[in-house]
Amino acid sequence: MALLELDNLSIAIAQNNTLVPVVHDCSFALEAHDTLGIVGESGCGKSLTALSIMGLLEGSQVRITAGSIHFDGVNLLELDTRQRRAIMGDRMAMIFQEPMTSLNPVYRIGEQITETLQQHRRLSRKNARHRALELLDLVQIPEPHKRINSFPHQLSGGQRQRVMIAIAMACDPALLIADEPTTALDVTVQKEVLDLMLDLQRRTGTAIILISHDLGVIARNCNEVAVMYRGKIIEKAPTDKLFSNMTHPYTRGLLASIPSVDQDRDWLEAIPGRVPLIDEKITGCAFHPRCAFTEKPCTQTAPRLIDIRKHHAVRCHFAGEF
Ligand SMILES: Nc1ncnc2c1ncn2[C@@H]1O[C@H](COP(=O)(O)OP(=O)(O)O)[C@@H](O)[C@H]1O
Ligand SMILES: [Mg+2]
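Within any chain, residue numbers begin from 1 and follow the written order of that chain's sequence. Each chain is given a letter, starting from A, and each ligand a number, starting from 1, according to the order in which they appear as written. Given that this is a predicted model, residues contribute local features only at a pLDDT of at least 70 and side-chain atom pairs are listed and counted only at 80 or more, while totals for whole chains, interfaces and linings are drawn from all residues. As a convention, hydrogens and water are excluded, and side-chain values are obtained from all of the structure's heavy atoms.

(A) Region of the structure containing the overall build of the protein. A run of H or I in DSSP counts as a helix once it spans at least four residues, and a run of E counts as a strand once it spans at least two, with each numbered from the N terminus. When its secondary structure is counted, the protein shows 12 helices and 12 strands. Over its C-alpha trace the protein gives a radius of gyration of 20 Å, about what one expects of a compact globule, namely 20 Å for 322 residues. Each of the three principal axes of the protein carries a C-alpha extent, and together these read 70 × 45 × 35 Å. The proportion of buried residues among the 322 residues of the protein is 50%. Summed over all atoms, the accessible surface of the protein reaches about 15700 Å², with 49% contributed by carbon and sulfur. In this tally, Asp and Glu contribute negative charge and Lys and Arg positive charge; neither His nor the terminal groups of the chain are included. Lysine's charge is taken at NZ, arginine's at CZ, aspartate's at CG and glutamate's at CD. Between the averaged position of the 35 positive side-chain charges in the protein and that of its 37 negative side-chain charges there is a distance of 4 Å. Between the two quantities, the radius of gyration covers C-alpha atoms and the globule rule is 2.2 Å times the number of residues to the power 0.38. Think of it in three bands: residues with accessible area under 20% of the maximum for their type are buried, residues over 50% are exposed, and the middle band is partly exposed, with areas taken using a 1.4 Å probe on protein chains only. Residue-level accessible areas treat just the shown protein chains as cover; the underlying method is Shrake-Rupley with a 1.4 Å probe.

Quick look at the structure:
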C-alpha cells in the first residue's frame, strides 16, 4: 500500500440542516519522494481535501461523508482525536499560504520551533534549541543565532515562510502538504521558497502535496498533477504526460492563463465565467456552462473519470476525441 492513499473521499458542508457536497470521489496515492500538485481555481475544494488529510476539519461544519484516507496503511478516519494529533506535526505537516496566521505573533520564532520538537520528539530544552538553530540554517535564514530570538513580524514574508517550513520539517515528516505556500510572496521569493522545499525533499524523501491555483507553479515543481474543478478531479496524470497530452478543456484553460507558456497554440483561450458556488445546481458536467465544446450529453449526465491511457485519467464525455 502507498504512503498515502485517498479512496473516493467525499466531503460535505452542513448548511441549514442539509449536507451540501463539496468534494466528490477524490482518489489519489503518494509514495515517498512523490510531489503531487493539486491545481484548480479558487473554490474547487483543494484546501478542504488537504485539511481532511491533516484531520483539521474537526469542530467545523465540514463532514467527510464517504471514502477513506489511508496513511502508513491505517485508515485515518477510524482514529480518535488523540491518535490523529500524534500523527499531525510528526509524521505529516502542513504549510499554509499566510505564515502570519500560523505563526504566533507573541512568541519568538525559536520558541515556536522548539515547542514542536519538545512536543513530538520529547527533546530537552537545550537539545531542542540546538536543533532549532540547525533547522533555521537548513532553511537558509541568515544569522540563525540572532534570528532565533526574533518575533514573526520582524521577519520578511519569505523568511516567515522559511520558518514555517522549518517547523513543518522539524520532525522529518513523511508527508508535507503545502497549500498555496508562496501565493502571498513575490515571484523571485516564491521560486526560492519552492526550491528550498524541493531541496529538503531530495534529502529527506518527504512526499509533498503542493496546492496552487497556478498551473505553472505545479508544472515546474511536481511529478504528478491532479486538476480539480468544483470538488472533482477532472484530469490526473504524471506531469510530462499531462503537458504532452493535455485533454480536459478546463486544464487547457488553466494553461492559457499562464503568461508566456505556449503562446503559439491558438486553441488556448482563458476560461470565461467563474467556479459555481457550492449550492448552485448544475446538471451534467459541472464545467459545461463555461466549456467551449459543450454538446447535449454534457448538459445531461455527469461524466465519469476514465483512463484515456495508462496513468492518464480524464472526466469528460469527449475525452477520447480531443
Ligand atoms: N467552513 C466552510 N463553510 C462553508 N463553506 C466552505 C467552508 N470551507 C470551504 N467552503 C466552501 O467549499 C468550497 C471549496 O473550498 P476550498 O476547499 O477552500 O477551495 P479551494 O482551496 O480550492 O479554493 C468553496 O466553495 C468554499 O466556499
Ligand atoms: Mg484553498
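(B) Inspection of the sheet that holds strand β1 (residues 4-15) at higher detail. At least two bridges found by DSSP between two strands is the condition for calling them paired. Judged by pairing direction, the sheet is antiparallel, and its four strands sit side by side in the order β2-β1-β4-β5 without closing on themselves. The outermost strands of the open sheet, each flanked by one partner alone, are β2 (18-30) and β5 (74-75). Where β1 and strand β4 (residues 62-71) come together, eight bridges link them in antiparallel fashion. Among the inter-strand pairings, I13 is bridged to a residue of β4, identified as V62. Strands in contact with helix α1 (residues 46-54) are β1, β2 and β4; relative to β1, the strand with the most contacts, it is inclined by about 110°. Here a residue-residue contact requires only that any non-hydrogen atoms of the pair lie within 4.5 Å. Fitted lines through C-alpha atoms serve as axes, helices being fitted only where they are in contact, and the angles separating the N-to-C directions of these axes extend from 0 to 180 degrees.

(C) Representation of the side chain of E235. Relative to the assigned elements, E235 resides in strand β10 (residues 232-238). Despite its burial, E235 pairs with no opposite charge, the nearest such side chain being R309 at 6.6 Å. Leaving out residues up to four positions away in the same chain, E235 has contacts with V225, A226, V227, L242, N245, M246, T247, H248, T251, H312, A313 and V314. Criterion for a salt bridge: a side-chain nitrogen of Lys or Arg within 4 Å of a carboxyl oxygen of Asp or Glu.

(D) Local environment of the pattern of salt bridges. Summed over all chains, the structure comprises nine salt bridges. Between R91 and D72 there is a salt bridge whose closest N-O contact spans 2.6 Å. One end of the pair, R91, is in the loop between α2 (81-87) and β6 (92-95); the other, D72, is in the loop between β4 and β5, with 19 residues separating them in the sequence. Assessed through its relative accessible area of 31%, R91 is described here as partly exposed. Close ionic contact of K146 with E143 constitutes a salt bridge, the shortest N to O distance being 3.1 Å.

(E) Molecular detail of the site of ligand 1. Note on terminology: near, applied to a residue and a molecule or strand, indicates that one of the residue's heavy atoms is within 4 Å of it. Neighbouring residues of ligand 1: 13 residues in total, closest G43, G45, K46, S47 and L48. At 2.6 Å from an oxygen atom of ligand 1 is found a main-chain nitrogen or oxygen belonging to G43. Protein chains bury 68% of the 560 Å² of accessible surface belonging to ligand 1 in isolation. When residues in the shell around ligand 1 are grouped by element, the largest group, three residues, is from α1. Each residue is assigned to one class: nonpolar for Ala, Val, Leu, Ile, Met, Phe, Trp, Tyr, Cys and Pro, charged for Asp, Glu, Lys and Arg, and polar for all the others, Gly among them. Taken together, the residues that form the shell around ligand 1 break down as six nonpolar, five polar and two charged. In protein, a polar contact means a hydrogen-donor-capable atom and an acceptor-capable atom, both N or O and within 3.5 Å, with residues adjacent in sequence counting only if both atoms are side-chain atoms; elsewhere, any N or O pair within 3.5 Å suffices.

(F) Focus on the sheet that holds strand β12 (residues 312-314). Reading across from one edge, β6-β7-β8-β3-β9-β10-β12-β11 is the order of the eight strands in this open sheet, with mixed pairing throughout. Each edge of the open sheet is held by one strand with a lone partner, namely β6 and β11 (306-309). Taking each pair of neighbouring strands and ignoring which way they run, the sheet shows an average axis angle of 20°. Across six bridges, the pairing between strand β9 (residues 224-229) and β10 is antiparallel. Bridging across to β10, M228 finds its partner in I233. Contacting β6 and β7 (175-179), helix α7 (residues 157-169) runs over the sheet at an angle of about 170° to β6. Each of β3 (35-39), β6, β7 and β8 (207-212) touches helix α8 (residues 187-204); the most contacted strand, β8, lies at about 160° to it.

(G) Structural detail: unusual backbone geometry. Although it is not a glycine, N16 sits at a positive phi angle of roughly 45°. Along the chain, N16 turns up in the loop between β1 and β2. The exposure class of N16 is exposed, given its relative accessible area of 75%. Although it is not a glycine, R122 adopts a positive phi angle of roughly 50°. Residue position: R122 is located in the loop between α4 (109-121) and α5 (125-138).

(H) Geometry of α5. Over its 14 residues, α5 extends 20 Å from the first C-alpha to the last, a length consistent with the 20 Å expected when each residue adds 1.5 Å. Among the residues making up α5, those that are buried are A128, A132, L133, L135 and L136. Down the axis of α5, the buried set is contained in an arc of 165°. They therefore lie on one face. Away from its buried face, by an angle of more than 90 degrees, α5 presents the exposed residues K126, H130 and D137. Of the residues flanking the end of α5, it is Q140, one or two places downstream, whose phi is positive at about 60°. Helix span is expected to be 1.5 Å times the residue number reduced by one. Note: the arc covers the axis-to-C-beta directions of the helix.

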